[in-house]
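Coordinate analysis (summary)
What follows is each chain in one-letter form.
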Amino acid sequence: VLESLQADDHVRRVCIQTLLYSNLLADLLATVEQLKAASGAPVSICMNPVDRDWLVALKEAGVERVGVGLDCATETLFNQMKPGFSWPRYMQFINETIEVFGVGSVHLIVGLGETDAELVRAFQRFHDKGCGIALFAFTPVRGTQLDLAPPSLERYRALQLARYLIAHNHVRVEAMTFDGGKLLSINVAPAVLDRAI
């Protein structure tokens, strides 16, 4: 990877996805140091909550931002999908990433059982905090315990559009119409909608 980075100046960002284990911080710091020496590309890390001191150390090492794999739009769904993890701790960690890096990043998944309204309200809440939102569609993986169908392409595209419009300050959730939790309309000027699409 380091050799490829040195030979290619088209890389725009290097993202590291982590797990929690005992030597993680030392490994991350060493990896970031090597990546920064090989490339001028910004480095992002996606991780579970860790102590705030870790965030400071990662920033000092050259990490530009930390993303948080929250996945779920609501606390109830989070507690069902991520047993053993704490919603309040995740919320605290998201706030800490914003405090340390000046920006946050939250990953959310469409298709875990949330309504469109719950997901769009989460977009707005995290955008208002200063977070970028990465949106993913649930993808079934054979052999895992989650027996869910992926969201329809139409639903995913509508939610991508809602996320984009919120992220670019073109509309707020209050300007969207829902029926039974399903996104029905986005009240925005047609020209804004056309440009976004």
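See the structure shown above.
Here we summarise the structure given alongside this text. (Residues numbered from 1 in each chain as written. Predicted model: local features only at pLDDT ≥ 70, side-chain atom pairs only at ≥ 80, totals over all residues. Heavy atoms only, no water.)

**Quick notes on the layout of surface pockets**
What the largest pocket holds in volume is close to 310 Å³. Every residue lining the largest pocket is listed: Asp71, Cys72, Met81, Lys82, Ile109, Leu112, Phe138, Thr139, Gln145 and Leu146. Classifying every residue of the lining of the largest pocket gives six nonpolar, two polar and two charged. Estimated volume of the second largest pocket: approximately 240 Å³. (1 Å grid on protein atoms, 1.4 Å probe; cavity = no way out; pocket = protein on both sides within 12 Å on 5 of 7 lines; lining within 4 Å. Points joined across faces, edges and corners; volume = space filled by probe spheres on them. Nonpolar A, V, L, I, M, F, W, Y, C, P; charged D, E, K, R; others polar.)

**Looking at the nonpolar core**
Counting 61 residues, the largest nonpolar core has Met47, Leu70, Ile94, Leu108, Phe123, Phe126 and Ile186 as its most contacted members. Here the element with the most residues in this core is helix 5 (residues 87-101); it accounts for eight residues. Apart from residues no more than four positions distant in its own chain, Leu108 is found in contact with Leu70, Asp71, Cys72, Ala73, Leu119, Ala122, Phe123, Ile133, Ala134, Leu135 and Phe136. (Core = buried A, V, L, I, M, F, W, Y, C linked by side-chain atoms within 4.5 Å. Buried < 20%, exposed > 50% of the residue type's maximum accessible area, 1.4 Å probe, protein only. Helix = DSSP H or I, 4+ residues; strand = E, 2+ residues; numbered from the N terminus. Contact = heavy atoms within 4.5 Å.)

**A few points about the packing of helix 6 (residues 116-129) against helix 7 (residues 153-167)**
Relative orientation of the contacting elements helix 6 and helix 7 amounts to 25 degrees, with a least axis distance of 10 Å. Here helix 6 lies roughly parallel to helix 7, going by the angle between them. Once helix 6 is placed against helix 7, the crossing between them reads as right-handed. In this structure, helix 6 uses Asp116, Leu119, Val120, Phe123, Gln124 and His127 to contact helix 7, whose residues at the interface are Arg155, Leu159, Ala162, Arg163, Ile166 and Ala167. Across the contact of helix 6 with helix 7, the residue classes tally to seven nonpolar, two polar and three charged. (Axes fitted to C-alpha atoms, helices over the stretch in contact; angles between N-to-C directions. Parallel < 35°, antiparallel > 145°, perpendicular 65-115°, else oblique. Left-handed = near helix turned anticlockwise from the far one by under 90°.)

**Some remarks on the side chain of His107**
When you line up the elements, His107 lands in strand 4 (residues 104-110). For His107, a relative accessible area of 17% puts it in the buried group. When residues no more than four places from it in sequence are discounted, the contact partners of His107 are Cys46, Val68, Gly69, Leu70, Asp71, Ala134 and Phe136.

**A short note on the packing of aromatic side chains**
Two aromatic rings, taken as a pair, are described by how far apart their centres are and by the angle between their planes. Evaluation of the coordinates by the stated rule reveals three aromatic pairs. Considering the side-chain rings of Phe78 and Tyr90, the 5.1 Å spacing of their centres and the 65 degrees angle between planes classify their relative orientation as edge-to-face. Highlighted residues: Phe78 in helix 4 (residues 75-81) and Tyr90 in helix 5, separated in sequence by twelve residues. For Phe78, a relative accessible area of 0% puts it in the buried group. Judged by relative accessible area, which is 1%, Tyr90 ranks as buried. Ring geometry for Phe85 and Tyr90: centres 6.0 Å apart, planes at 80 degrees, overall edge-to-face. The rings of Phe78, Phe85, Trp87 and Tyr90 are connected pair by pair, giving a single aromatic cluster. One cation-aromatic arrangement involves Lys82 over Phe85; the distance from NZ or CZ to the ring centre is 5.7 Å. (Phe/Tyr/Trp six-rings, centres within 6.5 Å; stacked < 30°, edge-to-face > 60°. Lys NZ or Arg CZ within 6 Å of the ring centre and 35° of its normal.)

**Some details on helix 5**
Between its first and last C-alpha, helix 5 extends 21 Å over 15 residues, near the 21 Å set by a 1.5 Å rise per residue. Restricting attention to buried positions, one finds in helix 5 the residues Trp87, Tyr90, Met91, Phe93, Ile94, Glu96, Thr97, Ile98, Val100 and Phe101. Against the buried residues of helix 5 lie helix 3 (52-61), strand 3 (63-71), helix 4, strand 4, helix 6 and strand 5 (131-137). The N-cap of helix 5, judged by a side-chain oxygen 3.2 Å from the amide nitrogen of Arg89 a few residues on, is Ser86. Gly102 lies just past helix 5 and shows a positive phi near 85 degrees. (Expected span 1.5 Å × (residues − 1). Polar contact = N/O pair within 3.5 Å; in protein donor to acceptor, adjacent residues only side chain to side chain.)

**Examining the sheet that holds strand 2 (residues 43-46)**
The strand order 1-2-3-4-5 describes an open sheet built from five strands, whose pairing is parallel. The open sheet has two edge strands with one neighbour each: strand 1 (14-17) and strand 5. If you compare each strand with its neighbour and ignore which way they point, the axes differ by 25 degrees on average. Note: strand 2 against strand 3, four bridges, orientation parallel. Note that in strand 3 the partner of Ile45 across the bridge is Val66. (Pairing = 2+ DSSP bridges.)

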